[in-house]
Amino acid sequence: MDNSQERICKFLTQNKLKFISEDQVAKKFGYKNILTFYIGKEGWSAYGIDGRDFKGRNHQTSKVGYLITEYKESEDGVY
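In this text, all values refer to a predicted model and were calculated from it rather than measured experimentally. The residue numbering used here restarts from 1 in each chain and proceeds along that chain's sequence as written. Local features in this predicted model are restricted to residues whose pLDDT is 70 or higher, and side-chain atom pairs enter the listing and the counts only when it is 80 or higher, whereas totals over whole chains, interfaces and linings include all residues. To get the side-chain values, all heavy atoms of the structure are used, and hydrogens and water are removed first.

Caption draft 1: Quick peek at the nonpolar core. Counting residues in each nonpolar core, the largest one holds 17 residues, and the members touching the most others are Leu12, Leu35, Phe37, Ile39 and Trp44. Under the scheme used here, helices are H or I runs from DSSP no shorter than 4 residues and strands are E runs no shorter than 2 residues, and both carry numbers assigned from the N terminus. Those elements that provide at least two residues to this core are helix 1 (3–14), strand 2 (26–31), strand 3 (35–40), strand 4 (43–48) and helix 2 (61–73). Counting residues per element, this core draws most heavily on helix 2, at 4 residues. It only takes one pair of heavy atoms within 4.5 Å for two residues to be counted as in contact. Setting aside residues up to four positions removed in sequence, phenylalanine 37 forms contacts with Leu12, Leu17, Lys27, Lys28, Phe29, Trp44, Ser45, Ala46, Val64, Leu67 and Ile68. Think of a nonpolar core as a cluster: buried Ala, Val, Leu, Ile, Met, Phe, Trp, Tyr and Cys residues, connected wherever their side-chain atoms sit within 4.5 Å. Each residue gets one of three labels from its accessible area relative to the maximum for its type: buried under 20%, exposed over 50%, partly exposed in between, using a 1.4 Å probe on protein chains only.

Take a look at the structure:
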């Protein structure tokens with residue numbers, strides 16, 4: 001795992017996402033059942049319960065932070 005992957009994984013855990021699993025391609029983190037992140041060598045991808053999907057580079061912590069905030073604020077089911 002390179003430095004950018006380590007930093008974004010640490011960022012996710014600091015924002016209350018839980019480590020779920022790891023395989024040869026990516027690490028999987030989730031926030032309840034509403035947001036899931038996959039962190040790989042080439043970047044990250046995220047999938048929301050509302051069917052939206054997102055992708056980015058591992059250094060884009062501000063974009064990741066925005067998604068986490070958006071989904072945490074939408075826990076009441078309003079998207």
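On we go from here.
Caption draft 2: Structural detail: helix 1. Helix span, expected: 1.5 Å multiplied by one less than the number of residues in the helix. In a regular helix each residue adds 1.5 Å, so 12 residues correspond to 16 Å; helix 1 covers 16 Å between its end C-alpha atoms and thus fits that length. Residues of helix 1 that are buried include every one of Ser4, Gln5, Ile8, Cys9 and Leu12, and no others. Buried positions in helix 1, seen along its axis, are confined to an arc of 130° and lie on one side of it. Structural note: helix 1 exposes Asn3, Arg7, Lys10 and Gln14 on the side pointing more than 90 degrees away from its buried face. In the core, the buried residues of helix 1 are packed alongside strand 2, strand 3, strand 4 and helix 2. Looking one or two residues past helix 1, lysine 16 carries a phi angle of roughly 70°, positive in sign. In this description, one arc is meant: the one made by directions from the helix axis to the C-beta atoms.

Caption draft 3: Representation of the layout of surface pockets. Buriedness of a pocket was judged along seven lines, with at least five required to meet protein on both sides within 12 Å; pockets are open sets of points on a 1 Å grid over the protein atoms alone, cavities are sets where a 1.4 Å probe fits but cannot get out, and lining residues have an atom within 4 Å of a point. Grid points are joined across faces, edges and corners, and a volume is the space filled by probe spheres set on the points. One number sums up the size of the largest pocket: a volume of about 160 Å³. Forming the boundary of the largest pocket are Met1, Asp2, Gln5, Glu22, Asp23, Gln24, Val25, Ala26, Lys27, Ile39, Gly40 and Lys41. Those elements that provide at least two residues to the lining of the largest pocket are strand 2 and strand 3. Three residue categories are used. Nonpolar comprises Ala, Val, Leu, Ile, Met, Phe, Trp, Tyr, Cys and Pro, charged comprises Asp, Glu, Lys and Arg, and polar comprises the others, including Gly. Partitioned by chemical class, the residues of the lining of the largest pocket number 4 nonpolar, 3 polar and 5 charged.

Caption draft 4: Spotlight on unusual backbone geometry. Of note, lysine 16 is a non-glycine position whose phi angle comes to about 70°, a positive value. Along the chain, lysine 16 falls in the loop between helix 1 and strand 1 (18–22). For lysine 32, which is not glycine, the phi dihedral falls at a positive 45°. In this structure, lysine 32 sits in the loop between strand 2 and strand 3.

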